[in-house]
Amino acid sequence: MSTDFQQARNALGVRLRELRTEGGLTVRGLAAECGWAPSKVSKLENGKQTAKPVDLDAWAHGVGRPELAVELKGRLAGLESTYRSWRRQLAGGHRAVQDALGAQHERTRVFRGFSASVIPGVFQTSEYARSVLGRYAELHGVVRDIEAGVASRVRRQEGLYSQDKRYHVLIGEAALHARVCSPGVLADQLDRLMSVNGLSTVRLGIIPLAADVRVASGDDFWIHDDRLVIAESWHAEMWLDSAEDVALYRKVWNALAAAAVDGRAAHHIIARTRAGLESA
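Before going into details, it helps to say that this report is about the structure given with it.

Conventions adopted
Each chain carries its own residue numbering, running from 1 in the written order of its sequence. The model is predicted, so local features are restricted to residues of pLDDT at least 70 and side-chain atom pairs to those at 80 or more, both for listing and for counting; the totals for chains, interfaces and linings are taken over all residues. Side-chain measures were taken over the full set of non-hydrogen atoms in the model, leaving aside hydrogen atoms and water. A run of DSSP states H or I qualifies as a helix once it reaches four residues; a run of E qualifies as a strand once it reaches two. Both are numbered from the N-terminal end. The term nonpolar core refers to a set of buried residues drawn from Ala, Val, Leu, Ile, Met, Phe, Trp, Tyr and Cys, joined through side-chain atoms within 4.5 Å. Type-normalised accessible area, obtained with a 1.4 Å probe on protein chains alone, sets the label of each residue: buried when under 20%, exposed when over 50%, and partly exposed for intermediate values. When checking whether two residues touch, look at their non-hydrogen atoms; a contact exists if any pair is within 4.5 Å. Strand pairing follows a simple DSSP-based rule, namely that at least 2 bridges must link the two strands. Counted as salt bridges are all cases of a side-chain nitrogen of Lys or Arg within 4 Å of a carboxyl oxygen of Asp or Glu. Working convention: axes come from line fits to C-alpha atoms, limited for helices to the stretch in contact. Angles between N-to-C directions cover 0 to 180 degrees. Oblique is the label for any angle not under 35 degrees, not over 145, and not in the 65 to 115 range, which are roughly parallel, roughly antiparallel and roughly perpendicular in turn. Throughout, a crossing is termed right-handed when the near helix is turned clockwise from the far one, and left-handed when it is turned anticlockwise from it by less than a right angle. Side-chain classes are defined by residue name, with Ala, Val, Leu, Ile, Met, Phe, Trp, Tyr, Cys and Pro counting as nonpolar, Asp, Glu, Lys and Arg as charged, and the others, Gly among them, as polar. Only protein atoms enter the 1 Å grid, on which a cavity is a set of points fitting a 1.4 Å probe that cannot get out and a pocket is an open set with protein on both sides within 12 Å along at least 5 of 7 lines, lining residues being those with an atom within 4 Å of a point. Grid points are joined across faces, edges and corners, and a volume is the space filled by probe spheres set on the points.

### A few points about unusual backbone geometry
And step 1. Despite not being glycine, Asp225 shows a phi value in the positive range, around 50°.
And step 2. If you trace the backbone, Asp225 turns up in the loop between strand 5 (221-224) and strand 6 (228-232).
And step 3. A positive phi angle, near 55°, is found at Asp226, a position not held by glycine.
And step 4. Turning to its location among the elements, Asp226 is positioned in the loop between strand 5 and strand 6.

### Let's talk about the environment of Ala51
And step 1. With respect to the secondary-structure elements, Ala51 resides in the loop between helix 3 (38-45) and helix 4 (53-62).
And step 2. Counting along the chain gives 39 residues from Ala51 to Leu12, while the straight-line C-alpha distance between them is 9.0 Å.

### A closer look at the nonpolar core
And step 1. With 31 residues, the main nonpolar core has Phe123, Tyr128, Leu193 and Leu204 as its most contacted residues.
And step 2. Of all the elements in the fold, those that place two or more residues in this core are helix 8 (126-140), strand 3 (166-172), helix 10 (173-177), helix 11 (183-196), strand 4 (202-207) and helix 13 (263-279).
And step 3. The leading source of residues in this core is helix 11, at seven residues.
And step 4. In this structure Leu204 touches Phe123, Val169, Ile171, Leu193, Asn197, Val261, Asp262, Gly263, Ala266 and Ile270, once residues within four positions along its chain are discounted.

### Re the pairing of strand 7 (residues 236-240)
And step 1. Counting buried positions over the five residues of strand 7 gives five, a clear majority of the element.
And step 2. What you see with strand 7 is no split at all: Ala236, Met238 and Leu240 on one side and Glu237 and Trp239 on the other are buried throughout.
And step 3. Taken together, strand 6 and the strand that follows it, strand 7, pair antiparallel across an intervening segment of three residues.

### A word on the pattern of salt bridges
And step 1. Tallied over the full model, the rule gives 15 salt bridges.
And step 2. A salt bridge links Lys40 to Asp55; the nearest nitrogen and oxygen atoms lie 2.9 Å apart. Remark: Asp55 occurs in helix 4 and Lys40 occurs in helix 3; sequence separation between them is 15 residues.
And step 3. Residue Arg130 pairs with Glu147 through a salt bridge whose shortest N-O separation is 2.6 Å. Pair noted here: Arg130 is in helix 8 and Glu147 is in helix 9 (residues 146-155), with a separation of 17 residues, a long-range link.

### Considering the packing of helix 2 (residues 27-34) against helix 4
And step 1. The geometry of helix 2 relative to helix 4 is characterised by a closest axis approach of 9 Å and an angle of 115° between their N-to-C directions. With respect to helix 4, the axis of helix 2 lies roughly perpendicular. Read as a crossing pair, helix 2 and helix 4 show a hand that is right-handed. Every residue of helix 4 that contacts helix 2 at Leu30, Glu33 and Cys34 is listed here: Ala58, Trp59 and Gly62.
And step 2. When its residues are assigned to classes, the contact of helix 2 with helix 4 shows four nonpolar, one polar and one charged.

### Focus: the layout of surface pockets
And step 1. Approximately 800 Å³ is the volume attributed to the largest pocket.
And step 2. Forming the walls of the largest pocket are 35 residues, and the residues nearest its centre are Trp86, Val118, Arg153, Asp220 and Glu232.
And step 3. Those elements giving two or more residues to the lining of the largest pocket turn out to be helix 6 (86-90), helix 7 (94-107), strand 2 (110-115), helix 8, strand 5 and strand 6.
And step 4. Here the lining of the largest pocket gets five residues from one element, more than from any other, and that element is helix 7.
And step 5. Tallied by class, residues from the lining of the largest pocket come to 18 nonpolar, 11 polar and six charged.

Structural data, given as C-alpha cells:
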C-alpha cells in the first residue's frame, strides 16, 4: 500500500539533493543553514522522512533558491493527495475528513466496497458510527469533533434512497461479530443492516468465515465509478486514480465477490448473528 507513496517521497528526495548539490552545499553545510541535525537532511534526501511545508521553505532558502519553495510544496501536495496520513487529516477534525469523503460520495453513481472488520460507514447507525470513530480517534490521539464527524457520515446515507446511485458492498462475516461497540448497539446495527439489504439500490454480499476465497482479504476499500479507489490502512488513507490501480482493485473486488453470498443467504447470516447476541 505504501509503494506509490514511497516512490513519490523518494522522487522528492532526489529533487532536494539536486538543489543542495547545485548550491555547492554538503549535508552538514545545509543542516547548518537550516538549523537542523545532518541526519534530517539525509533522511529527507533518501526518502526516509516526509517533509513538512516549513522544511521545504527552509531548504529552498538554505540553498539560496527561495523561489523554488512553491515548486517543492507543490510536489509535497501532490504526494499527500494520494497518501493521506490519518494523523494529519484528523488534525483538521473528523468533520473535515467525513465531508471530503461526502464530496466524493455525491459525485459517484456506482460504488463497489469491501469491509473486512466493521460495518461500512454508509450503513452505520449513529451509535455504531460514534463508537467506531471514537476508538479510531483514541488510536491517533485526536478525540475532538467526533459528533460532527458522525453527523457528516450519517448524512451520506441519503444516497441509499436515491435511484441514481447503486451500492455493491461486500462485508466479511467477522465484521458482524466485531465488538467495536456494546452488544446493544451492535444488535441495532445488525437490524439496520438487514433493513438496507432490502433496498433496491443496495446489493449486499456477506463473505462467510468458511468461504473459499481467491484472494485473502486485506485493507478496506471503495471503488467510485471505476475512476477512484479510496483504501484504508491503520496509518493512512490512499486515494488512487490511475487506471492501473483502479483495475487492480476491481479485480480484487471481483475475486472477493465470487466468495460472497447475497439476498436471502446474506440475510440469514446477519439474522443468525443477531439472534446470537440475544442468547449470549
